[in-house]
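Chain by chain, the residues:
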Amino acid sequence: MNSEWSPDEDRLLDAPTIRPYVIARGRTEAQDRFDLISLAVTVRPTTGTEIGLDPEHQAIVRLCRRPLSVAEIAAHLDLPAGIVRVLLGDLFDRGYVAVQQPQPEMDVLDERMYKAVLDGLRAL
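Here is what the cut-offs are and how they apply
Residues numbered from 1 in each chain as written. Predicted model: local features only at pLDDT ≥ 70, side-chain atom pairs only at ≥ 80, totals over all residues. Heavy atoms only, no water. Helix = DSSP H or I, 4+ residues; strand = E, 2+ residues; numbered from the N terminus. Buried < 20%, exposed > 50% of the residue type's maximum accessible area, 1.4 Å probe, protein only. Contact = heavy atoms within 4.5 Å. Areas by Shrake-Rupley, 256 points an atom, 1.4 Å probe, with all protein chains shown as cover. Core = buried A, V, L, I, M, F, W, Y, C linked by side-chain atoms within 4.5 Å. Pairing = 2+ DSSP bridges. Arc of directions from axis to C-beta. Phe/Tyr/Trp six-rings, centres within 6.5 Å; stacked < 30°, edge-to-face > 60°. Lys NZ or Arg CZ within 6 Å of the ring centre and 35° of its normal.

### Structural notes on the overall build of the protein chain
Then, in step 1: A count of helices and strands for the protein chain gives 7 helices and 3 strands.
Then, in step 2: Ordered by position in the sequence, the α and β elements of the protein chain form the string α-α-β-α-β-α-α-β-α-α.
Then, in step 3: Counting all 124 residues of the protein chain, 28% fall into the buried class.
Then, in step 4: Partitioning the contacts of the protein chain with sequence separation of at least 6, the portion at a separation of at least 24 is 72%.
Then, in step 5: Here the protein chain displays about 8700 Å² of accessible surface, and carbon together with sulfur accounts for 58% of that area.

The structure is reproduced here in structure tokens:
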């Protein structure tokens, strides 16, 4: 057995790859309730002493004082969206965040909505 370090092993221990895996404690399955455009909002703050909440969890709670999408949270924290979805699942399960799902496409195409927007613009 060769005990020397090879360049291929360096690639396997790439910090940008390992860090998100460690943050999510090896979990990669995100809950289905969080789409990239789902909005998360803090419903109760953390005290900073909660067991099981890592700094990334705390950062999400602070960020989501105003509603943010999963994609926006991922960009702010410089983390993959899949990892953010796992962390949001933790926070949702513990009652720290609420989530609002994107509206189904057929609601967006509803003619009544367009009429209401046009009426609102005309009223200006």
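Picking up where we left off.
### Brief notes about the environment of Thr-47
Then, in step 1: You can see Thr-47 is positioned in the loop between strand S1 (39-42) and helix H3 (55-63).
Then, in step 2: With relative accessibility at 63%, the residue Thr-47 sits in the exposed group.
Then, in step 3: Considered as a pair, Thr-47 and Gln-58 are 11 residues apart in the sequence and their alpha carbons are 9.0 Å apart.

### A short note on the nonpolar core
Then, in step 1: Ranked by size, the top nonpolar core spans 20 residues in total, and within it Ile-60, Ile-73, Leu-77, Val-84, Leu-88 and Leu-91 carry the most contacts.
Then, in step 2: Looking at this core, the elements with two or more residues in it are H3, helix H4 (70-77) and helix H5 (81-93).
Then, in step 3: In this structure Ile-60 touches Thr-42, Ile-73, Leu-77, Leu-87, Leu-88 and Leu-91, once residues within four positions along its chain are discounted.

### Thoughts on the sheet that holds strand S2 (residues 68-69)
Then, in step 1: Sheet architecture is open: 3 strands sit in the order S2-S1-S3, paired in antiparallel fashion. In this open sheet, the two edge strands, each paired with only one partner strand, are S2 and strand S3 (97-100).
Then, in step 2: Bridge analysis of S1 against S2 gives 2 bridges, and the strand direction is antiparallel. Its bridge partner being in S2, Leu-39 is matched across the sheet by Ser-69.

### Section: H4
Then, in step 1: Looking only at H4, the buried set comprises Val-70, Ile-73, Ala-74 and Leu-77. Taken end-on, H4 shows its buried residues confined to a sector of 100°, consistent with a single buried face.
Then, in step 2: Phi for Asp-78, located one or two positions after H4, is positive at around 55°.

### Quick look at the packing of aromatic side chains
Then, in step 1: The full count for this structure, using the stated rule, is 1 aromatic pair.
Then, in step 2: Ring geometry for Phe-34 and Phe-92: centres 6.2 Å apart, planes at 85°, overall edge-to-face. Of this pair, Phe-34 sits in the loop between helix H2 (15-23) and S1 while Phe-92 sits in helix H5, and the two are 58 residues apart along the sequence.
Then, in step 3: Using a relative accessible area of 1% as the deciding quantity, one classes Phe-34 as buried.
Then, in step 4: It is Arg-44 that lies over the ring of Tyr-96; its NZ or CZ is 4.0 Å from the centre.

These figures come from the coordinates and say nothing about function on their own.
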